[in-house]
Structure formats: C-alpha cells, structure tokens
Amino acid sequence: MAYDPYKALYLHIPFCVRRCGYCDFATSAVERDSPIIDEYVESLVMDIRRASREGKLGAIETVYLGGGTPSYIGMRRLSMLLYALSMSMHLEPEIECTMEANPESLTAPMVRDIWALGVNRLSIGVQSFDDEVLRILGRAHDAEAARAAVRAAQERFENVSVDLMCGIPGQSAESFAESVREAVALGANHVSVYPLTIEPHTPFDRAIMRGEMDEPDEDVEAAAMEEARLILEDAGFHRYEVASYARPGFESRHNTAYWTGKPYLGLGRSAVTMTQNAERRMRVQDGQVVDDLDARQMAAEDLMLGMRMARGVSDEQVARAAAIIDGDAASSSVLAAFDELSDLGLVEHADGRWRSTDAGWLCGNELYGRLLDLAP
C-alpha cells in the first residue's frame, strides 16, 4: 500500500556558537568558518534536490529550519539552502516557512535577506529576559541582545515567536513572569513556554549529581506555567497546545502538523521522518526505524496527540478510534479511559469534544500515558 504524501518538511542545522548546559539535541559547537559546516550544508542541499526529484516535496505545506541554531551558520550558507529549497518546491507565501534563530546571531541584514528568500516566520530562542538566568543557562546572549533581536525581526516579520523557559534553578517566580510580560510588550505574536527538563548526560545533569545545582521543582514549574497562562490570556493570546500560545491567526502550522498526525519529512543529521498510511506509521531517524505502529497504536497515538491541543478530540474521532482499537468489543476501552480521566479531573466533555482541563495540562504524563496504554 502506498504511503500518504509528506505535508511538513524539517531541515536540521546541528551547529551552535556553544552548547547550553541543558541541551541534549543533536548539535555541536563548531567554529563559524569551519569547513564542517560547509560540507554539511552542501550535503543538505543535495538531500533537498534528491527529495524533490523523488516527488517528496510536492504536497509540502510547512517548512521548518531548526537546530542547533540556523542563524549561526551565516547568510551565505542560508542563502544556498533557501535557494535550493525555492528551486525544489513551491515556496509560495501560503507555505509557512519558519526559521529558528538565537539573538547573538540574528542581524538586521539577515532578517531582510531570509525574508526575501521565502522565510515568513521567525522563532527566537530567548529563554529569559533576565541576565542572571541567561548566565545560569549558559546562553550566548544577554537580555538586551534578546530585545534587539525581536525588534530586528519585526522590521520584516509579523509572525515572530519567542521561546521562554521556566523552572530554572535560581530563577524567581517574578523573574519568569517579567520575561513573559516582556515578550508581550515587545509585540511577539506567538510564545512557547517550556519547563526545564534535565536530560541524562548533560552538564546540568552532572551538576545536579554533584550537588552543585538544585533539581527543578515540579510544583514551581506548574505554578510558572499557570502564571504564564494568566499573563498571556489577559494579553489576548490563546493557548492552542500544552506549551504554545498565539494571537489569533499566528498558531504554528508546522508544529500543529506534528500534533495532528500529518506525515513529515526530516532532512539532515538526526532529523526524524514520519511516513504513514491507514495501516502503519513509521518514524525513521538516521536510517533506523525508531517507531513502527500498527493501526490500533496509531489511533491511540492520535488521541494522545489530539489531547495536547486545546481543541481536544471530537466524539467522532473517539468513536473511530474505539472501532479500530476495540473492534467489535461490546464495551469500549476508549470511552472507559476518557470517563476515568474525567473522574480524575484531567479531561472534560462539552460541545461534542473531549478537552484537557487545567489539571490535565499540568499532569500531562498521566493523561497522555493513559491514552497510549489503550494500544501498547
């Protein structure tokens, strides 16, 4: 059986000016003039052209240049990539094309040039507008550089997103709240708020093991996420996904593709590709299958992903999932799971849809795990 066409394209740029203490992404700190970066970009251009020849880019609706720090590699290399992209697919204005950038490497000329080459959304890795918190994180920019980057982006881009982080050791509740208010005041139209997670084998993990840093406190993180919600909703943003807020019309279409089960193609080192048809969903990374789901597991995963979104899942989607997961079973394990989650106060049912409650947002692992367990 043929696979569904790819709807989203992810290009991975695995280079940074330096690695942050919490980072476990497939990135490396490489000198900006290193031939390693040139070789990588040339290889990525070849991958883009090959994908185009193989007919994989014809239905693409969103493109995302992530990393690492795409802005770090400089305009000459970005021009090569974006030109190859525009020659290989229809990079029309209706295609959402996002590029991640960090404040220390986003310049006013770069903003103008990437806009001219088809990028129409910028996601800026700010994390905090507090210099002391940025120092703890090991970021390469200060708060003033972050403000300057957002302002520079707005010279061309209306669709500007700011990433912020909470639960950082040494970060006060007021420091975090002030960063959220600052993102709003600067005019960002999309804000992503992430709790700090300590990944194994990172410098932060080793510092905690040595007793040099406190572990993030889940209650503190939950309070910060709730404070962010209050500030952002009061400013006219709406929460459309567990960690994402947008003004109307500025929701990330690329990230929404991931959460709504659309097939995506990943190019570059460690980028993940998801292929699927009605019977099978596979995720492949660096030539290795890392996920292989049958129809029952796909239905359960789609319910889980749907509950990450504020709109939740419809009764029709739940009924379809129940038919796939339970077959002819007289009693539905799917409906039983939603009733159970409702009794726990994690979901609620209204207007023909199941949605996460505020408690469900904060206890996501319990909610998502219960739905995935429908088809282990």
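Model, not experiment: these values are computed from the prediction.

A look at the nonpolar core
1) Next: Leu9, Val63 and Ile114 are the most contacted members of the largest nonpolar core, which has 68 residues in total.
2) Next: Broken down by element, this core gets its largest block of residues, 7 residues, from helix H1 (residues 35-53).
3) Next: Formed by 26 residues, the second largest nonpolar core is a distinct cluster that contains Val242, Val334, Leu346 and Leu371.

Thoughts on the pairing of strand E16 (residues 347-350)
1) Next: Direction of pairing for E16 relative to strand E17 (residues 353-356): antiparallel, over a ladder of 4 bridges. By the bridge assignment for E17, His349 is matched with Trp354.
2) Next: The antiparallel hairpin formed by E16 and E17 contains 2 residues in its connecting segment, where Asp351 sits at a positive phi of about 55 degrees.

A closer look at helix H10 (residues 295-306)
1) Next: A rise of 1.5 Å per residue sets the reference length of H10, with its 12 residues, at 16 Å; its end C-alpha atoms lie 16 Å apart and thus fit the reference within 8%.
2) Next: Burial within H10 is extensive, with 9 of its 12 residues counted as buried.
3) Next: Along H10, the positions that sit buried rather than exposed are Gln297, Met298, Ala299, Ala300, Glu301, Leu303, Met304, Leu305 and Gly306.
4) Next: Where H10 begins, one side-chain oxygen reaches toward the backbone nitrogen of Arg296, 3.1 Å away; that side chain belongs to Asp294.

A few points about the sheet that holds strand E15 (residues 313-314)
1) Next: Spatially, E15-E17-E16 is the arrangement adopted by the 3 strands of the open sheet, whose pairing is antiparallel. Of all the strands in the sheet, just E15 and E16 have a single pairing partner and so form its edges.
2) Next: Summarising the sheet, E15 and E17 pair through 2 bridges and their orientation is antiparallel. Each residue of the ladder has a partner; that of Val313, found in E17, is Trp354.

Topic: the packing of aromatic side chains
1) Next: Per the stated rule, a full pass over the model turns up 6 aromatic pairs.
2) Next: An angle of 25 degrees between the planes, with centres 6.1 Å apart, marks the rings of Tyr10 and Tyr64 as stacked. In this pair, Tyr10 is assigned in strand E1 (residues 8-13) and Tyr64 in strand E4 (residues 62-67), connecting sequence segments 54 residues apart.
3) Next: For Tyr10, a relative accessible area of 16% puts it in the buried group.
4) Next: Here Tyr64 falls in the buried class, since its relative accessible area comes to 9%.

Calculation notes
Residues numbered from 1 in each chain as written. Predicted model: local features only at pLDDT ≥ 70, side-chain atom pairs only at ≥ 80, totals over all residues. Heavy atoms only, no water. Core = buried A, V, L, I, M, F, W, Y, C linked by side-chain atoms within 4.5 Å. Buried < 20%, exposed > 50% of the residue type's maximum accessible area, 1.4 Å probe, protein only. Helix = DSSP H or I, 4+ residues; strand = E, 2+ residues; numbered from the N terminus. Pairing = 2+ DSSP bridges. Expected span 1.5 Å × (residues − 1). Polar contact = N/O pair within 3.5 Å; in protein donor to acceptor, adjacent residues only side chain to side chain. Phe/Tyr/Trp six-rings, centres within 6.5 Å; stacked < 30°, edge-to-face > 60°.

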